[in-house]
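So the chains spell out like this:
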Amino acid sequence: MIDYFKGIYGINLLFRVHGSALYKGSLVGMLSVLVYLAIVLRWQMNGMEKGLADELDHPYGVGVLVTSVTFLIIFRANNGYQRYWEACVSNKF
């Protein structure tokens, strides 16, 4: 059993770096935000010249993005689940 120092309301666990996925995921999250902002700014600069500035807010475009990202997340989770059960079945004690 792992013995943790509880502290006040578990605050020390929030700022723990070792073993936390928060710090690994925040780097990827910030990178994706920067890519999104670059796409939006570029789209708006081109859109103002051509009169297309509001086309990025169309619900069909957002629906396609949400559907594709959801599919990729589910596919990755399912792949990990299959690897887990394959490892459980292959280990015969």
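All of these numbers come straight from a predicted model, not from anything done at the bench. (Residues numbered from 1 in each chain as written. Predicted model: local features only at pLDDT ≥ 70, side-chain atom pairs only at ≥ 80, totals over all residues. Heavy atoms only, no water.)

Trainee: Teacher, can you tell me more about the packing of aromatic side chains here?
Mentor: For any pair of aromatic rings, the description rests on two quantities: the centre-to-centre distance and the angle between the ring planes. Under the defined criterion, the tally for this structure stands at 3 aromatic pairs. Measuring from ring centre to ring centre gives 6.3 Å for Tyr81 and Trp85, while their planes differ by 80 degrees; the resulting arrangement is edge-to-face. On the criterion of helical spacing, the pair formed by Tyr81 and Trp85 is a turn pair, its members being 4 residues apart in helix 3 (residues 59–90). By relative accessible area, Trp85 is classed as partly exposed at 42%. (Phe/Tyr/Trp six-rings, centres within 6.5 Å; stacked < 30°, edge-to-face > 60°. Helix = DSSP H or I, 4+ residues; strand = E, 2+ residues; numbered from the N terminus. Buried < 20%, exposed > 50% of the residue type's maximum accessible area, 1.4 Å probe, protein only.)

Trainee: What exactly am I supposed to notice about a nonpolar patch on the surface here?
Mentor: A cluster of nonpolar residues, Ile8, Tyr9, Ile11, Leu14, Phe15, Val17, Leu22 and Tyr23, forms a patch on the protein surface that exposes about 970 Å² of accessible area. Counting residues per element, the ones that place at least two in the nonpolar patch are helix 1 (11–14) and helix 2 (22–50). With respect to the helices and strands, Phe15 occurs in the loop between helix 1 and helix 2. (Patch = residues over 30% accessible without salt bridge, like charges linked within 9 Å, V, L, I, M, F, W, Y side chains within 5 Å. Areas by Shrake-Rupley, 256 points an atom, 1.4 Å probe, with all protein chains shown as cover. Salt bridge = Lys/Arg side-chain N within 4 Å of Asp/Glu carboxyl O.)

Trainee: Even after reading the chapter, I still don't get helix 3, so can you show me in this structure?
Mentor: The periodicity of an α-helix, 3.6 residues per turn, causes residues three or four positions apart to be oriented the same way. With 32 residues, helix 3 should cover 46 Å at 1.5 Å per step; its first-to-last C-alpha distance of 46 Å lies within 8% of that length. Little of helix 3 is tucked away: 0 of the 32 residues are buried. (Expected span 1.5 Å × (residues − 1).)

Without other data, these values stay purely geometric and don't point to any function.
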